[in-house]
Amino acid sequence: MAKKIFKPLKASEKINKILKNHYLKAKYLPTLGKFFGYKTAWITSGAPVELLRAFGIEPVYPENYGAICGARKVSPSLCQVAENRGYSLDLCSYAKSNLGSIWNPKESPFNGLPRPDLLVVCNNICGTVLKWYETLSREFNIPLFIIDTPFITGEPQPWQIQYVAKQIEKLAIELEKFFRKKLDLNRLEKVILLANETVDLWKGIRNFAKNKPSPVNVTDLFINLGPMVVLRGTEVARDFYEEVYREVEERYKAGVPAVEGEKYRLVWDNIPIWYGLYRFYGYFAERGAVFVTDSYTGGWAVNIKKGPPFYALAETYAGVFLNRDLEFRKNQLQSFIEEFSADGFVMHSNRSCKAYSFVQEEIRRQIMRSLGVPGLIVDADMTDSRLYSEETVLNRVQAFLESL
Ligand code: SF4
C-alpha cells in the first residue's frame, strides 16, 4: 500500500468543522429562521449561487455531498440503493449517492443532507442534472428553478449571455415572489465581491505550484476545495483561503516540497478519484510525481466579471469549462502544461461523467502531437469504486512514469 508521503496542509484540519457547521446551519435555518424567511436550497455546482446568498438562502450542493460519500467510501452502497429502485449502473454516481442517501439516510454521512425548500439547477455542466433535480422535485414536492445555458462553441456571443442573463433576472423575480421580499442589490454586490476575493486567493494558491519544487500537490487542492464550492460568497470561505494561502506561501518561502524528492511534474484532468485520495495519488507521490495543477479545481478559479450583476453572472456561468468546446478545453490543458512546466498529463476517464470524459482521447492525441508531452488515460469513477480496477490502473501508471 502506498505510504502517505505527501503532507496535507494544516489548514485542512478545519475543513470538517467548516462543512459540519454549514450543514447544521442549512438544517436548522428553515426552522429557526422561519420568521425571517430564511430557506435552504439544493443547487448544482454551476448555478449562480450569489443570487441565492443575496436572498439569505443557504445553498447546499448534492455534488459536494457526493464527493464526501466518495472520500468516505460509502458511495457504492448508496448507489446500490438507487440501483435497487431502477436507476442504471451507468448514471452519474454523484446523483445516485445523493438519491441513495435520501432513501437510506442512516448509512449516509451526516445522516443525509438537510431537506431543501427549493431546487435550483443549471445545465451548464451536463444534462444529467436536469433529470436528477426533476426526481428531487417530485420526491420532496418542492419547486424547481431551471437555468438553461446554450453550449458555447468558440467565444461566447452577446446574445448567448443575454439569454442567460434574462433567466437569472427572471429567477430573481421568482425568488422575490417566493420569499415575498425584494432582492437587495447591495447585498448581491457584496456577495459577488466576497466571491471574487476568495477566487483571487484560490488562484494565488494554485499559482504557487508554478515553482520548483511545488509547495502544493493536487490533493491539497482537492481536499481544500469544499468551502470554495459550498461557501462561495461568504466571509467564512474568504478567511479560510487566506489561511491556506499563508501556509502555502510559507512552504514556498522555506522551499518545502509538497512531494518529497519531486522528480516529475504532472497535470490532472477530470474529477478526482475521491476514494483514492491517498492510495492512488500516493502511488504517484511515492515515485516523486507531483500533480502541479488540474482542470477540475481550476473551474473555481474564475472571477465574476465587472458590470451589471445579472449579465456578469451570466457571462461567468455560461462560460464554465464543461460548457465549452474541445478547442477551449485543449487550449486550457495545453497552457497548464506550459505554465506549470509539466512533464506529462493524466486524464481520468470518469465513467460517471460523460460530459467531462467523452472528448479526452482526442484532446490527448492533439496535445501529445503539438507539445510532444506524454499523456495517460486511466479508467475509473469519481466515487463508485466498483468501477475501478486498482491493479490494472496502477500497472499502467507505473509504465507511464517509467516512460517519462
Ligand atoms: S454527470 Fe458530471 S457534470 Fe453532471 S452531475 Fe455528474 S459529475 Fe457533475
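Computed from a predicted structure; not experimentally measured.

Caption draft 1: Layout of the nonpolar core. Counting 134 residues, the largest nonpolar core has L175 and F280 as the members making the most contacts within it. If one sorts the elements of this core by residue count, helix α7 (residues 158-179) sits on top with eight residues. Lining this core are residues from two domains, each supplying at least three of them: domain 1 (12-185) and domain 2 (187-403). In contact with F280, not counting residues within four places along its chain, are W268, I273, V378, Y388, V393, L394 and V397.

Caption draft 2: Highlighting the packing of helix α8 (residues 185-207) against helix α11 (residues 235-253). Where α8 contacts α11, the axes come no closer than 9 Å and their chain directions differ by 20°. One finds that α8 runs roughly parallel with respect to α11. In this structure, the crossing between α8 and α11 has a hand that is left-handed. Across from K190, L194, E197, T198, L201, W202, G204 and I205 in α8, the residues of α11 making contact are E235, A237, R238, Y241, E242, V244, Y245 and V248. In the contact of α8 with α11, the residues fall into nine nonpolar, two polar and five charged.

Caption draft 3: Representation of the side chain of Q366 within the structure. Among the secondary structure elements, Q366 is positioned in helix α16 (residues 360-371). Looking at Q366, its side chain comes within polar contact range of the side chain of E362, at 2.8 Å. Not counting residues up to four positions away in its chain, the partners in contact with Q366 are L326 and K330.

Caption draft 4: Looking closely at α7. Along its 22 residues, α7 runs 31 Å from first to last C-alpha, staying within 8% of the 32 Å computed at 1.5 Å per residue. Among all positions in α7, only Q160, I161, V164, A165, Q167, I168, L171, A172, L175, E176 and F179 are buried. In the core, the buried residues of α7 are packed alongside α2 (49-54), β3 (118-122), β4 (144-147) and α13 (309-318). Of the residues trailing α7, R180 is marked for its positive phi of about 55°.

Caption draft 5: Geometry of the site of the ligand. Not every one of the 13 residues close to the ligand is listed here, only the nearest: C92, C126, I271, C353 and M382. For the shell around the ligand, the element with the most residues is helix α6 (residues 128-140), which contributes three residues. Of the residues that constitute the shell around the ligand, the class distribution is ten nonpolar, two polar and one charged. Per-domain counts for the shell around the ligand show at least three residues from each of domain 1 (12-185) and domain 2 (187-403).

Caption draft 6: Inspection of the sheet that holds β4 at higher detail. The parallel open sheet is built from four strands, whose spatial order is β2-β1-β3-β4. In this open sheet, the two strands that pair with only one neighbour each are β2 (58-60) and β4. The mean angle between the axes of side-by-side strands here comes to 25°, regardless of whether they run parallel or antiparallel. With four bridges joining them, β3 and β4 adopt parallel strand pairing. When the sheet's bridge partners are listed, L119 is paired in β4 with L144. Packing against the sheet, α6 makes contact with β1 (40-43), β3 and β4, and its axis sits at approximately 170° to β3.

Caption draft 7: Here's a closer look at the domain arrangement of the chain. The domain boundaries assigned to the chain delineate domain 1 (12-185) and domain 2 (187-403). Each of domain 1 and domain 2 has a C-alpha centre, and the two are 23 Å apart. Taken together, both faces of the contact between domain 1 and domain 2 bury some 4,600 Å²; the carbon and sulfur share is 62%. Inspection of the domain 1/domain 2 interface yields four salt bridges. Among the ionic pairs, E83 bridges to R386, the shortest N-O distance being 2.8 Å. Scanning the region where domain 1 abuts domain 2 turns up 25 residue pairs in polar contact (both at pLDDT 80 or more). Contributing elements (two or more residues each) for the side of domain 1 that touches domain 2: α1 (15-32), α2, β2, α3 (62-71), α4 (75-84), α5 (93-103) and α7. With eight residues, the single largest contributor to the side of domain 1 that touches domain 2 is α7. Across the side of domain 1 that touches domain 2, the residue classes break down as 33 nonpolar, 17 polar and ten charged.

Caption draft 8: Representation of the pattern of salt bridges. Summed over all chains, the structure comprises 25 salt bridges. A salt bridge links E83 to K96, with the shortest nitrogen-to-oxygen separation between them at 2.8 Å. Residue E83 is located in helix α4, and its partner K96 is located in helix α5; the two are separated by 13 residues in the primary sequence. Assessed through its relative accessible area of 1%, K96 is described here as buried. A salt bridge links R238 to E197, with the nearest nitrogen and oxygen atoms 2.8 Å apart. Residue R238 is found in helix α11, and its partner E197 is found in helix α8; the two are separated by 41 residues along the sequence. Judged by relative accessible area, R238 falls into the buried class, the value being 18%. Judged by relative accessible area, which is 31%, E197 ranks as partly exposed. One connected set of salt bridges, linked through shared partners, spans E83, K96, D384 and R386.

Calculation criteria
Residues numbered from 1 in each chain as written. Predicted model: local features only at pLDDT ≥ 70, side-chain atom pairs only at ≥ 80, totals over all residues. Heavy atoms only, no water. Core = buried A, V, L, I, M, F, W, Y, C linked by side-chain atoms within 4.5 Å. Buried < 20%, exposed > 50% of the residue type's maximum accessible area, 1.4 Å probe, protein only. Helix = DSSP H or I, 4+ residues; strand = E, 2+ residues; numbered from the N terminus. Domains from an automatic or database assignment. Contact = heavy atoms within 4.5 Å. Axes fitted to C-alpha atoms, helices over the stretch in contact; angles between N-to-C directions. Parallel < 35°, antiparallel > 145°, perpendicular 65-115°, else oblique. Left-handed = near helix turned anticlockwise from the far one by under 90°. Nonpolar A, V, L, I, M, F, W, Y, C, P; charged D, E, K, R; others polar. Polar contact = N/O pair within 3.5 Å; in protein donor to acceptor, adjacent residues only side chain to side chain. Expected span 1.5 Å × (residues − 1). Near = heavy atom within 4 Å. Pairing = 2+ DSSP bridges. Buried area = accessible area lost by both parts, 1.4 Å probe. Salt bridge = Lys/Arg side-chain N within 4 Å of Asp/Glu carboxyl O.

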